[in-house]
Amino acid sequence: ATTENGGASLQGHEEYFSLPSTAGNKLYYETRIKTSDVDQMDILVGLTETFATNPENALLSSNVIGFVKVDGTAIVKGTTESGDTQTLVEFADTTKSTMENDTYVTLGLVATKGTTTDKVQFYINRNLVGTSTTNIPTANMKVMAMSVSGDASGTKVTTIDYIMAAQNRNVSYS
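Predicted model only: the values in this text are computed from it and were never measured.

### Here we look at the packing of aromatic side chains
In step 1: In this structure the tally under the stated criterion is 4 aromatic pairs.
In step 2: For the pair Phe-67 and Phe-91, a centre-to-centre distance of 6.4 Å together with 55 degrees between the ring planes defines the contact as tilted. Of this pair, Phe-67 sits in strand β4 (residues 64-69) while Phe-91 sits in the loop between β6 (85-89) and α1 (94-97); the two residues are 24 residues apart in sequence, bridging distant segments of the chain. No difference in accessibility class separates Phe-67 from Phe-91, as the two residues are buried.
In step 3: Here Phe-67 and Phe-122 contribute two aromatic rings whose centre-to-centre distance is 5.4 Å and whose plane-to-plane angle is 80 degrees, an arrangement assigned as edge-to-face. Of the two residues, Phe-67 sits in strand β4 while Phe-122 sits in strand β8 (residues 119-124), which places them 55 residues apart along the sequence.
In step 4: Judged by its relative accessible area of 0%, Phe-122 is buried.
In step 5: Taken together, the ring pairs in this structure connect Phe-67, Phe-91 and Phe-122 into an aromatic cluster.
In step 6: Between Arg-32 and the ring centre of Tyr-104, over which it is positioned, the NZ or CZ distance is 3.8 Å.

### Here we look at the pattern of salt bridges
In step 1: Scanning the entire structure with this criterion turns up 6 salt bridges.
In step 2: Put simply, Lys-77 and Glu-90 hold a salt bridge, and the shortest N to O gap is 3.6 Å. In this pair, Lys-77 sits in strand β5 (residues 77-82) while Glu-90 sits in the loop between β6 and α1, placing the two residues 13 residues apart along the sequence.
In step 3: A relative accessible area of 24% means that Lys-77 is categorised as partly exposed.

### Re the environment of Tyr-16
In step 1: Positionally, Tyr-16 belongs in the loop between β1 (7-11) and β2 (26-35).
In step 2: Considering only alpha carbons, one finds Tyr-16 and Gln-167, 151 residues apart in sequence, at a separation of 9.8 Å.
In step 3: Once you skip the residues sitting within four places of it in the chain, Tyr-16 turns out to touch Met-141, Gln-167 and Arg-169.

Definitions and cut-offs
- Residues numbered from 1 in each chain as written.
- Predicted model: local features only at pLDDT ≥ 70, side-chain atom pairs only at ≥ 80, totals over all residues.
- Heavy atoms only, no water.
- Phe/Tyr/Trp six-rings, centres within 6.5 Å; stacked < 30°, edge-to-face > 60°.
- Helix = DSSP H or I, 4+ residues; strand = E, 2+ residues; numbered from the N terminus.
- Buried < 20%, exposed > 50% of the residue type's maximum accessible area, 1.4 Å probe, protein only.
- Lys NZ or Arg CZ within 6 Å of the ring centre and 35° of its normal.
- Salt bridge = Lys/Arg side-chain N within 4 Å of Asp/Glu carboxyl O.
- Contact = heavy atoms within 4.5 Å.

No statement about biological role is implied by the geometric values presented.
Next up, the structure:
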């Protein structure tokens, strides 16, 4: 949008993804995106609960597992949030976590139900870049993506190539 704080979001129809209840089972998410002006955009991609129509409302979700990039920087971070308490994961290798204008980046995560500690592993271009073991939500969530312009100068465009998610469903096979 050419309006500061204007943008768009999309979210799945139903909240049907959650951290599995059986230790060792996993929840997977991956998307491939690019944006035209990386340091002038707010972006959130991943899993959240249902949020109201305005795109920026995604940032108000009480339960989130995903990636966030805020206006004023090109660096993407991991985020886990449970019950409105957020953990931001800054990735040590900023060469991997710094987005570039009009360049696709693959952002993925694997959330694992632990026996004592749950964890989310974050991947950029399918390279493990960081892990969170705090504020891992167990709420039902849906796939989502949100992009909001950081200034009123020029049209900002975020392109999504794909979004995919899957999880173990506690099924036993013989």
